[in-house]
Amino acid sequence: MAKEKKTRSLRIMNMHIPYHIVMIIWSFIAAFPLYFLLINTFKVKKEIYTNFFGLPKKWTLENYQALFANSDFFAYFRNSFLVVVISLFMILLLGSLAAYALAHWRTRFSRVVYFFFVIGMMLPIKIATIRLLQIMKALNTLNTLFSLYPVYIAMGLPTAVFILTEFVHGLPGELYEAAYMDGAGRFKIWYRIVIPLIRPALATVAIYNLVPIWNDLWFPLIFITKESSKTVLLAVTRLQGQYTTDWPKVLTVLAMSALPVIALYLTMSKSFIKGLTAGAVKG
Amino acid sequence: MAAKSRTAQAFQGGKSIRPGGFYWMRYVIPALIFYVVFMAYPMLDSVRLSLYEGTAGVRQYVGLANYVRLFTDEVVSKRFWNAFFNNWIFFAYHMILQNALGITFAAILTNRTMRGRQFYQTLIFIPCTVAVLVTGYLFKIMMNPQWTKAPLEAAGLGFLVHIPSGWLGDPGTALSAVSLVSVWQWVGIPTMMFVAAFQGIDDDLIEAASIEGANAWQQFTRIRIPLIVPVIGMVAIMTFVSNFNAFDVVFAMETLDGAPDYSTDLIGTLFYRYGVAGQHPVGIPEPGVGSAISTSIFAMLLCGVVPTLIKTQGKE
């Protein structure tokens, strides 16, 4: 009798009802604004005035159609895409080369170089904005995407060096020995052995940088005013003036700027969470 | 690095397998060039810029005059101290509320026997992947009483509406509203960091404690929290650095001026107005004053980050 009571209370305890209540409330709070964003993109212009939070009475795709018919929008998307892909590629390339060297080269000087990189993880690059603006002016890259690539590459390197050096350092030494015996040079070892083996760490670094670069507003806002060089996020800032009365259209653009990253996140949420919190977790 | 890695040993073994001198430098230089030219140098050189006045061409060395203006000039210092104070409030919301929520959620989500943890984790983290600008605009629309008064009152949630100006239009509530939106968005980051930290705790410790008769609350406060102090320190540093860096949320919800009446002006928006765009109504950027602002914040971040690192990261 007593035993039965105990197992039953344990079972109820393991249901964690109060915890579920807390988490359900927060899940609702976390998801509601995004629900609101999505459903309103399927409403016709007038319906939002009468039906603000509810599901559309009449579903429509016309907001999306209007958006895709707008060629400016494609240019913004292409720009954001280019910025992310090229910056990430360079961060991974330069970062993995430097990490390969710093994991093997162990002198007092190399430690200094390593710490010089790593300290950049703690310092926001925004502090350098005014000087960077002058540099970009001098290089004549303002109003082009070439003013953004170098900044994002520089910004991504500290974490890349930090994460990749630890990772390369943890690889078993026999691998190099064997390759070296077979006559592979150091550069060949880098691209034939190191790169394939550190792929998980490269993915972490890529995700860590992908979201902030795609979502960055600060540098495009300062460096770019020309229409054809704008990124999606920068284009979003102009919406309010552009179609002030057509809220479903505004929300459609907001949704389209957010959906690629959300979709990517939902398909690989574990590596995303790992990537986005990587900068702060030691080794 | 006391213990040599296996890699290093392997390279030490052969005669030429471990190159000496600066051989490895050729692999580091490309990264170093980008990092120095576009980050380290401009950051340090901003300190020098803060000692000059005027823009390129007519630049003039003025010593500490920009700092004197920033801290004591009637107009400029009023804006600076206002933004500085606002930024501390903004930071306090995150430090206290966001991290308390994060640690609570993490404690819940690391219960082995609880179902649906993966689902909750995924959901909590979604806002972190969306641009601040997007969530800022969204909340701005949702907080507009013109839109939300009728539907919320119909749903019995009339207390969520602030009449007549809305939460964002009232100087007394605007900063809190902006801070809460930012807390809402970023709570996933500390949550996930605390989840990782709690999962790293050795089960034997918890088991030993429960055999000794410690209840769940005692286990939490006496064992789990003390064991994750290094992570709490890291989270505190990240919160500090990122909040004195905030810009987008105010830009999206309250414009560059930190409306209404500068009540949501933060260091980020102030820096943008003085250093990049030019303060209203003159409209001429003052790189010197802007650099003085960023240098002051740089110094403050260092003063906050270094002691916290030393205190919480143990012997290392």
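Cut-off values and rules
- Every chain is numbered on its own, with residues counted from 1 as its sequence reads.
- The naming scheme follows written order: chains are lettered A onward, ligands numbered 1 onward.
- For a predicted model such as this one, the threshold for reporting local features is a pLDDT of at least 70, and the threshold for listing and counting side-chain atom pairs is 80 or more; totals across whole chains, interfaces and linings nevertheless cover every residue.
- Working definition: helices are DSSP H or I runs of at least four residues, strands are E runs of at least two. Numbering for both runs from the N terminus.
- Radius of gyration: over C-alpha atoms. The globule rule applied is 2.2 Å multiplied by the number of residues raised to the 0.38 power.
- Working definition of burial: number of other C-beta atoms within 10 Å of the residue's own, with buried at 20 or more, exposed at 12 or fewer, and partly exposed in between, all C-beta atoms being placed from the backbone.
- A residue pair is marked as a contact if its C-beta atoms, positioned from the backbone, fall within 7 Å.
- Three residue categories are used. Nonpolar comprises Ala, Val, Leu, Ile, Met, Phe, Trp, Tyr, Cys and Pro, charged comprises Asp, Glu, Lys and Arg, and polar comprises the others, including Gly.
- Where a domain begins and ends is set by an automatic assignment or by a domain database.
- In this usage, the nonpolar core is the set of buried Ala, Val, Leu, Ile, Met, Phe, Trp, Tyr and Cys residues whose C-beta atoms join them within 7 Å.
- Here an axis means a line fitted to C-alpha atoms, over the contact stretch when the element is a helix, while the angle between two N-to-C directions is reported on a 0 to 180 degree scale.
- These descriptions rest on fixed angle ranges, namely under 35 degrees for roughly parallel, over 145 for roughly antiparallel, 65 to 115 for roughly perpendicular, and the rest for oblique.
- Whether a crossing is left-handed or right-handed is set by the direction in which the near helix is turned from the far one by less than a right angle, anticlockwise for left-handed and clockwise for right-handed.

Draft legend 1. Quick look at the overall build of chain B. Per the secondary structure count, chain B includes 15 helices and 2 strands. Here the C-alpha atoms of chain B give a radius of gyration of 25 Å, more than 25% beyond the 20 Å that 2.2 N^0.38 yields for 316 residues. Taken across its 316 residues, chain B has 41% of its residues classed as buried. In chain B, of all internal contacts separated by at least 6 residues, the share reaching a separation of at least 24 is 64%.

Draft legend 2. Structural detail: the overall build of chain A. The secondary structure content of chain A amounts to 16 helices and 0 strands. For chain A, the C-alpha radius of gyration of 25 Å lies well beyond 19 Å, the compact-globule estimate for 283 residues. Summarising its shape, the C-alpha atoms of chain A cover approximately 80 × 75 × 35 Å along the three principal directions. Per-residue burial over chain A gives 43% buried out of 283 residues. Across chain A, contacts joining residues at least 24 apart in sequence account for 77% of those joining residues at least 6 apart.

Draft legend 3. Structural detail: the interface of chain A and chain B. Chain A puts 80 residues into the contact, and the matching count from chain B is 72 residues. For the side of chain A that touches chain B, the leading source of residues is helix H2 (residues 17–40) of chain A, giving 12 residues. Its residues placed into classes, the side of chain A that touches chain B shows 59 nonpolar, 16 polar and 5 charged.

Draft legend 4. Examining the domain arrangement of chain A more closely. Residues and elements named next belong to chain A. One can read the domain layout of chain A as domain 1 (2–62) and domain 2 (64–280). Taken over C-alpha atoms, the centre of domain 1 sits 33 Å from the centre of domain 2. Each side of the interface is counted separately: domain 1 has 9 residues, and domain 2 has 10 residues. The greatest single-element share of the side of domain 1 that touches domain 2, amounting to 3 residues, is contributed by H2.

Draft legend 5. Structural context of the nonpolar core. Ala98, Leu102, Ala154, Leu157, Val161, Leu164 and Leu254 of chain A are the most contacted members of the largest nonpolar core, which totals 161 residues. Counting residues per element, this core draws most heavily on helix H5 (residues 71–104) of chain A, which supplies 15 residues. Two domains each donate at least three residues to this core, and these are domain 1 (2–62) and domain 2 (64–280) of chain A. Once you skip the residues sitting within four places of it in the chain, Leu157 of chain A turns out to touch Ile91, Leu94, Gly95 and Phe117 of chain A together with Ala31, Phe34 and Tyr35 of chain B.

Draft legend 6. Spatial organisation of the packing of helix H14 (residues 267–277) of chain B against helix H15 (residues 287–312) of chain B. Residue and element names in this part refer to chain B. Contact geometry for H14 and H15: axes closest at 7 Å, N-to-C directions at 155°. Judged by the inter-axis angle, H14 sits roughly antiparallel to H15. Between H14 and H15 lies a crossing of left-handed hand. Taken together, the residues of H15 that come into contact with H14 (itself represented by Ile267, Leu270, Phe271, Tyr274, Gly275 and Val276) are Pro287, Val289, Gly290, Ser291, Ile293, Ser294 and Ile297.

Draft legend 7. Quick peek at the packing of helix H7 (residues 129–139) of chain A against helix H2 (residues 25–49) of chain B. Between H7 of chain A and H2 of chain B, the shortest axis-to-axis distance is 7 Å and the interhelical angle comes to 110°. When the axis of H7 of chain A is compared with that of H2 of chain B, the two are roughly perpendicular. The hand of the H7 of chain A/H2 of chain B crossing is right-handed. Side by side, H7 of chain A and H2 of chain B meet where Ile130, Arg131, Leu132 and Ile135 of chain A of the first sit next to Phe38, Pro42, Asp45, Ser46 and Leu49 of chain B of the second. Its residues assigned to classes, the contact of H7 of chain A with H2 of chain B comprises 6 nonpolar, 1 polar and 2 charged.

Draft legend 8. Examining the environment of Trp26 of chain A more closely. Along the chain, Trp26 of chain A falls in helix H2. Judged by the 20 C-beta atoms lying within 10 Å of it, Trp26 of chain A falls in the buried class. For the pair Trp26 of chain A and Leu175 of chain A, spaced 149 residues apart in the sequence, the C-alpha separation amounts to 48 Å. Setting aside residues no more than four positions away along its own chain, Trp26 of chain A makes contact with Phe105 and Ile124 of chain B.

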